[in-house]
Amino acid sequence: MTQQDIRPPAQAPAPVALAAVEPGATGRALVSYVLPVFNEQDGITAFHDELTAALDARPELDFELVYVNDGSTDGSLALLKGFAEQDSRVRVVDFARNFGHQLAITAGLDLAVGDAVIVMDTDLQDPPKVSLELVDAWLEGAEIVHARRRSRRDTAFKRATAHLYYRLLRASTEVDIPLDTGDFRLLDRRVADELRRYRERSRFVRGIVASMGYAQAEVVFDRDERFAGETKYPLRKMARLAVDGMTSFSTAPLKMITRLGFAVLALSLVGILYALGMKFFRPDITVSGWTMLMCVVLFLGGTQMLSLGVIGTYIGRIYSEAQGRPLYLVREVIGGDGDR
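Here, residues in each chain are numbered from 1, in the same order as that chain's written sequence. Selection of residues for local features in this predicted model requires a pLDDT of at least 70, selection of side-chain atom pairs for listing and counting requires 80 or more, and totals for whole chains, interfaces and linings are taken over all residues. Note that water and hydrogens are dropped before the side-chain values are worked out from all heavy atoms of the structure.

Draft legend 1. Looking closely at the overall build of the protein. In DSSP terms, a helix is any run of H or I states spanning at least four residues, a strand is any run of E spanning at least two, and both are numbered starting from the N terminus. The helix and strand inventory of the protein stands at 11 helices and eight strands. Here's how the labels work: a residue is buried when its accessible area is under 20% of the maximum for its type, exposed when over 50%, partly exposed in between, all with a 1.4 Å probe on protein chains only. Counting the 340 residues in the protein, one finds 45% classified as buried. Contact between two residues is taken to exist if any of their heavy atoms lie within 4.5 Å; hydrogens are not considered. Partitioning the intrachain contacts of the protein with sequence separation of at least 6 by distance along the chain shows that 83% fall at a separation of at least 24. Taken as a whole, the protein presents about 17,400 Å² of accessible surface, with 61% of it coming from carbon and sulfur. The protein chains shown are the only cover counted for residues, whose accessible areas, like all others here, come from Shrake-Rupley with a 1.4 Å probe.

As structure tokens, this is what we get:
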């Protein structure tokens, strides 16, 4: 089953409305939660209990919980099936294999049918109670509500690199990506429907959402530590996400190659002048120029390899998109209107 199988029929775009949402006019508003899960058996039950407890405090709203099992190899799927059996609001999308966090979010958005959709992780770093603050901002008229981290309990290295990366990305793109925000946010139904039209494989969802415009708001919160287990975004995956973000919304790396080329040309001219000067004015020690020759050759070789690597990244994105393969494969969808 491919991603086309689980997407509901496209709805006609609603007229743009920036006024406050009035659920009472047509019944209670439905808020969908998109919840990616990958090997979270140690903490998923605590998360589900805390989330449902928070939702019980808002009886004026209806809720839908879309868990996306991103190829977990532990007992996460069995726990999610248990949630679906006990709670009719729970639906479980079971991937055929691990496709990654960004595609898990995409699958959840394809299936969610709420008037608003909240995307959040299931490790309890994003407090469920804060998600209701996003709902309040939406009810006041915002179409996209970002959850911005006032503080975060991560390692000093991760805090420093994240701080630097987001500011570098913002400075090098024309997209105003909110600082210190992850994928924890709320999307109005209209925005979610538009986001479903974006089908590139190397996805940076937070950048795509920021580029869409609409009426945006922020809710500031303090990010907690993981409840259990290890981070599912080690340095390797964080680096890959950073590359996807930079290459999705900026041609700055390509422009940097041009600037680097001019810098190397200038250094090469200096080296040539130095070599000529040594040949004419100190011919007795010209043999020592071998050191400079090796430095220049190695420097130019490294610069060329770096340039090819950056260009190769962009070409790789083109190749991946040209293949036109499904973004993800679904084994089954459990719960909700019935297993299928």
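Having seen it, we continue.
Draft legend 2. Up close: the packing of helix H2 (residues 44-56) against helix H3 (residues 76-86). To obtain each axis, a line is fitted to C-alpha atoms, and for helices this fit is confined to the stretch in contact; angles are then taken between N-to-C directions over 0 to 180 degrees. H3 packs onto H2 with a crossing angle of 25° between their chain directions and a minimal axis gap of 10 Å. Between H2 and H3, the angle is such that the two are roughly parallel. Here H2 and H3 pass one another in a crossing that is right-handed. Across the interface between the two elements, Ile44, Thr45 and His48 of H2 pack against Leu79, Leu80 and Phe83 of H3. Ten residues, namely Ala, Val, Leu, Ile, Met, Phe, Trp, Tyr, Cys and Pro, are considered nonpolar, four, namely Asp, Glu, Lys and Arg, are considered charged, and the remaining ones, Gly among them, are considered polar. Of the residues belonging to the contact of H2 with H3, the class tally is four nonpolar, two polar and no charged. Orientation labels follow simple angle bins: below 35 degrees gives roughly parallel, above 145 gives roughly antiparallel, 65 to 115 gives roughly perpendicular, and whatever is left gives oblique. Crossing chirality is assigned from the near helix's rotation relative to the far helix, an anticlockwise turn below a right angle marking it left-handed and a clockwise turn marking it right-handed.

Draft legend 3. Representation of the packing of aromatic side chains in the model. Stacked, tilted and edge-to-face are the three classes applied to pairs of Phe, Tyr and Trp rings, where Trp contributes its six-membered ring and a pair requires centres within 6.5 Å; stacked means planes under 30 degrees apart, edge-to-face means over 60, and tilted covers the rest. Applying the stated criterion across every chain yields a total of four aromatic pairs. Ring geometry for Tyr67 against Phe83: centres 5.9 Å apart, planes inclined by 45°, an arrangement best described as tilted. Taken together, the positions of Tyr67 in strand S2 (residues 62-69) and Phe83 in helix H3 put the pair 16 residues apart, joining distant regions of the chain. Taking 5.4 Å as the distance between ring centres and 85° as the angle between the ring planes, the aromatic pair formed by Phe95 and Phe99 counts as edge-to-face. Owing to a relative accessible area of 14%, Phe99 belongs among the buried residues under this scheme. Sitting over a ring, as applied to charges here, requires NZ of Lys or CZ of Arg to be within 6 Å of the ring centre and within 35 degrees of the ring normal. Above the face of the Phe99 ring, Arg97 is positioned so that its terminal group lies 3.9 Å from the ring centre.

Draft legend 4. Layout of the confidence of the model for the protein. Across the protein, the average pLDDT comes to 74, with 59% of residues at 70 or higher. Considering only residues more than four positions removed or in separate chains, one finds that residues 10-26, a stretch of pLDDT under 50, has 19 contacts. Scored between 0 and 100, pLDDT is the confidence that the predictor attaches to each residue.

Draft legend 5. Expanded view of the pattern of salt bridges. When a carboxyl oxygen of Asp or Glu is within 4 Å of a side-chain nitrogen of Lys or Arg, the pair counts as a salt bridge. On inspection of all chains with the given rule, the structure shows 12 salt bridges. Ionic pairing is found between Glu60 and Arg58, a salt bridge with its closest N-O pair at 2.6 Å. Residue classification places Glu60 among the partly exposed residues on the basis of a relative accessible area of 38%. The partner of Asp193 in a salt bridge is Arg196, with the nearest N and O atoms 3.4 Å apart. In this structure Asp193 comes out as buried when scored by relative accessible area, which is 18%. Judged by relative accessible area, which is 11%, Arg196 ranks as buried.

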